[in-house]
Amino acid sequence: MEKDIKIQDFLNQNLPFIIDTRSPREYAHSHIPKAVNFPVLQDNEFEEVGTLYKKDSFGAKILGASLISQNISCHLLELKNLITPATPFRIYCARGGMRSHSFAIILRHIGYRISVLDGGYKAYRKAITQSLEQAPPHRFITLIGPTGSGKSEIIKSFNDSLDIEKIARHLGSSFGGICGNQPSFKMFQNLIFERLRELQNAPFVLVEGESKKMGNLILPTPLYQAYQNAPKILILSSLEQRIQRIIAQYGKISNHFFKTSMQKIAPFMKKQFWQEANDAFFSRNLQKVTEILLVEYYDKVYKKESFNHIVHYQSTAQALAEIEAFAKEFYKIKE
């Protein structure tokens, strides 16, 4: 019978399927990216067993085992359609205890090849926090430039990129919360960690020079410092191109969202321009409101930074070709 495996071996296995046996609420808050939730205790069951355990530990174990057995019996038929016994996969719970082992024992006896994470999700989180406290070894190229210049388009089009906006589900600015609910802080860290692992052998990694705070989330300091200290490329586009990009991205925001965002930037704009932008939005003159906000707010608060190279963005292919040529020369990357 296979033994439990330590966190580093668990990560290095790189198997195609991971089962998270924790409750749906635990899973929703944060989990190992790409893990699928097969809860052996539902939220109310988990609470019931935990409450009973404080009074009667043996009774709680009996109740827990009974509920776990019922839930596992339901999961087995679903699992049959997802993975075959020939394919090894991984499983974990909160601390590598009863929940993951109960499921694993049955799966192993059926014939599945399964590895249980020793220490569970707690061990995973410990590995992540330790990793993110260290400077990443990646060779970054950092894109900077005015709002709407096309940095995000370039990042999304490059395979070896760290798309912080996508991971944080936030665009970084006062109007940046258009991507829906952000992940929890722990889930944000998990996603950053996993993406950096995927990029560990990349010749160089493209990243946007985001601020340290992305909505409600804070980037790990070593990562933030690494890309801020990396060589920077200034991306420039015409004002008309920038306006069109912003309209395409933000043109369908609600009145309430616009009002809330405008209140945030009111102290940083001249009252005249703030009012003109506000009036233009509610008269649906998106061209005008976008131009005012770019020229009278974003361009004025944009922090001018030193840079190593300039790319005048005409097309994604052209921009990426120039960026790759610069990166190869800077980092002495051989073909």
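A. How the structure looks around the overall build of the protein chain. What the protein chain contains, in helices and strands, is 15 helices and 11 strands. For the protein chain, the spread of C-alpha atoms along the three principal axes comes to 70 × 50 × 35 Å. Across the 335 residues that make up the protein chain, the buried fraction comes to 48%. A separation of at least 24 residues holds for 73% of the contacts in the protein chain among residues at least 6 apart in sequence. Approximately 17500 Å² of the protein chain is accessible, and the part contributed by carbon and sulfur atoms is 54%.

B. Representation of helix α15 (residues 316-330). Helix length check: α15, at 15 residues, gives a terminal C-alpha distance of 21 Å against a target of 21 Å (1.5 Å per residue), a fit within 8%. Along α15, the residues that are buried comprise A319, L320, I323, F326 and A327. Projected down its long axis, α15 carries its buried residues within an arc of 130 degrees, all on one side. Opposite its buried face, α15 presents the exposed residues A317 and E329, each directed more than 90 degrees away. Where α15 is buried, its residues touch β5 (140-144), α7 (151-157), β7 (205-208), β10 (232-236) and β11 (309-312).

C. Main features of the packing of aromatic side chains. All chains considered together, the criterion is met by 14 aromatic pairs. Residues Y124 and F193 carry aromatic rings whose centres are separated by 6.1 Å and whose planes lie at 90 degrees to one another, so their mutual orientation is edge-to-face. In this pair, Y124 is assigned in helix α6 (residues 120-132) and F193 in helix α9 (residues 185-198), connecting sequence segments 69 residues apart. Owing to a relative accessible area of 0%, Y124 belongs among the buried residues under this scheme. Using a relative accessible area of 7% as the deciding quantity, one classes F193 as buried. Taking the centre distance of 4.7 Å and the plane angle of 70 degrees together, the rings of Y297 and Y298 count as edge-to-face. Since its relative accessible area comes to 8%, Y297 is described here as buried. Residue classification places Y298 among the buried positions, given a relative accessible area of 12%. Among the aromatic side chains, those forming a connected cluster through ring pairs are Y92, Y121, Y124 and F193. R90 extends its terminal NZ or CZ atom over the ring of F10, reaching a point 5.1 Å from the ring centre. Directly above the ring of F281 sits R284, whose terminal nitrogen or CZ lies 4.8 Å from the centroid.

D. Examining the packing of helix α13 (residues 271-282) against helix α14 (residues 286-301) more closely. The geometry of α13 relative to α14 is characterised by a closest axis approach of 7 Å and an angle of 155 degrees between their N-to-C directions. Our classification of the angle between α13 and α14 gives roughly antiparallel. Helix-helix and strand crossings are classified by hand; for α13 and α14 the assignment is left-handed. Touching F273, E276, A277, A280 and F281 of α13 are L286, K288, V289, I292, L293 and E296, all from α14. Of the residues contributing to the contact of α13 with α14, the split by class is eight nonpolar, no polar and three charged.

E. Here's a closer look at the pattern of salt bridges. Under the defined criterion, the tally for this structure stands at 12 salt bridges. Here E153 makes a salt bridge to R245, at a shortest N to O gap of 2.9 Å. Here E153 is found in helix α7, whereas its partner R245 is found in helix α11 (residues 239-250), with 92 residues between them in sequence. The partner of K300 in a salt bridge is E296, with the nearest N and O atoms 2.8 Å apart. Pair noted here: K300 and E296 are both in helix α14, with a separation of four residues, about one helical turn. Given a relative accessible area of 53%, K300 falls into the exposed group. Each member of the salt-bridge network shares a partner with another, and the members are K34, R195 and E198.

Conventions used here
- Throughout, residues of each chain are indexed from 1 in the direction in which the sequence is written.
- Whole-chain, interface and lining totals are the exception, using all residues; otherwise, since this is a predicted model, local features are given only for residues with pLDDT of at least 70 and side-chain atom pairs are given and counted only at 80 or more.
- Side-chain descriptors were evaluated using all non-hydrogen atoms of the structure, hydrogens and water having been removed beforehand.
- Under the DSSP-based scheme used, a helix requires at least four consecutive residues in state H or I and a strand at least two consecutive residues in state E, with every element numbered from the N terminus.
- Buried residues are those whose accessible area, probed at 1.4 Å on protein chains only, stays under 20% of the maximum for their type, while exposed residues exceed 50% and partly exposed ones sit between those limits.
- Residue contacts are counted whenever heavy atoms from the two residues lie within 4.5 Å of one another.
- The method behind every accessible area is Shrake-Rupley, applied with a 1.4 Å probe, and residues are considered shielded solely by the protein chains displayed.
- Any helix carries an expected span of 1.5 Å times its number of residues minus one.
- To be clear, the arc concerns the directions from the helix axis to the C-beta atoms.
- Two rings from Phe, Tyr or Trp (for Trp, the six-membered ring) form a pair when their centres sit within 6.5 Å of each other. Planes less than 30 degrees apart are called stacked, planes more than 60 degrees apart edge-to-face, and all others tilted.
- By the criterion adopted, a ring carries a charge over it if an Arg CZ or a Lys NZ lies within 6 Å of its centre and within 35 degrees of its normal.
- An axis is simply a line fitted to the C-alpha atoms; with a helix, the fit covers only the stretch in contact. Between two such axes, the angle follows the N-to-C directions and lies from 0 to 180 degrees.
- Note on angle classes: values under 35 degrees are labelled roughly parallel, values over 145 roughly antiparallel, values of 65 to 115 roughly perpendicular, and the remainder oblique.
- Here a crossing is taken to be left-handed if its near helix is turned anticlockwise relative to the far helix by less than a right angle, and right-handed if that turn runs clockwise.
- Only Asp, Glu, Lys and Arg are considered charged in this grouping, and only Ala, Val, Leu, Ile, Met, Phe, Trp, Tyr, Cys and Pro are considered nonpolar; every other residue, Gly among them, is considered polar.
- Salt bridges are defined as contacts in which a side-chain nitrogen from Lys or Arg sits within 4 Å of a carboxyl oxygen from Asp or Glu.

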